Amino acid sequence: MAEHNALGVVVSPQTRIRKARLLPVPGEVLVREGQRVDPETTVAYTEVPGYPVPVNVAHRLGVEPQDIERFMLKQEGDAITEREVIARKRNFLWLADDEVVTPIDGTIQSISPLTGMVVLRSHPVPVETK
């Protein structure tokens, strides 16, 4: 039998609620159609790509853009941690090296010998839809 609450809304045990849950980017659906779920059930999961961080390695090392690849200690796709050295130029007599350190944790997305830029990408952000 239906019950009325203080707002006058009729609540019935036979009531079905259908709600569309959308992810911000393509992901994985974790439940089947028609499966009963409660408010705490994760129904879908995805990871939103992290933010990009451009670093002008050629400028920081004082070299031409086309030469940065020979000074890189890491390559595209490599994992990086904050304050890790990713490029180094040895100076005369090795008294003090010029180094480029990362400002974030993540991965190296691209190395451009045309611009001398290295694009870092932070870790992806997990998104769960309940």
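These numbers come from a predicted model, not from an experiment.

**Student:** Can you walk me through the pairing of strand β4 (residues 44-48) in this structure?
**Tutor:** Taken residue by residue, a regular strand's side chains alternate between the two faces of the sheet. As defined by bridge partners, strand β3 (residues 28-29) adjoins β4 across two bridges and the pair is classed as antiparallel. Of the residues in β4, the one forming a bridge with E28 is Y45. Where β4 lies against strand β11 (residues 125-129), five bridges are found, and the strand directions are antiparallel. What sits directly across from V48, in β11, is V125.

**Student:** How do you make sense of the pattern of salt bridges when you look at a structure like this?
**Tutor:** Close approach of charged atoms allows side chains with opposite charge to pair. In total, this model carries five salt bridges according to the counting rule given. The shortest N-O distance in the salt bridge between E84 and K74 comes to 3.0 Å. Of the two residues, E84 is situated in the loop between β6 (79-80) and β7 (85-89) and K74 in the loop between α1 (57-61) and β6; the sequence distance between them amounts to ten residues. The class of K74 is buried, set by a relative accessible area of 19%.

The rules behind the values
Position numbers for residues count from 1 along each chain, tracking the sequence in the order it is written. Residue-level local features of this predicted model are given only where pLDDT is at least 70; pairs of side-chain atoms are given and counted only at 80 or more, and the full residue set underlies all totals for whole chains, interfaces and linings. Side-chain measures were taken over the full set of non-hydrogen atoms in the model, leaving aside hydrogen atoms and water. Strands qualify as paired when DSSP identifies two bridges or more between them. In DSSP terms, a helix is any run of H or I states spanning at least four residues, a strand is any run of E spanning at least two, and both are numbered starting from the N terminus. Any Lys or Arg side-chain nitrogen found within 4 Å of a carboxyl oxygen on Asp or Glu counts as a salt bridge. Under the scheme applied here, a residue whose accessible area is under 20% of the maximum for its type counts as buried, over 50% as exposed, and between as partly exposed, the area being computed with a 1.4 Å probe on protein chains only.

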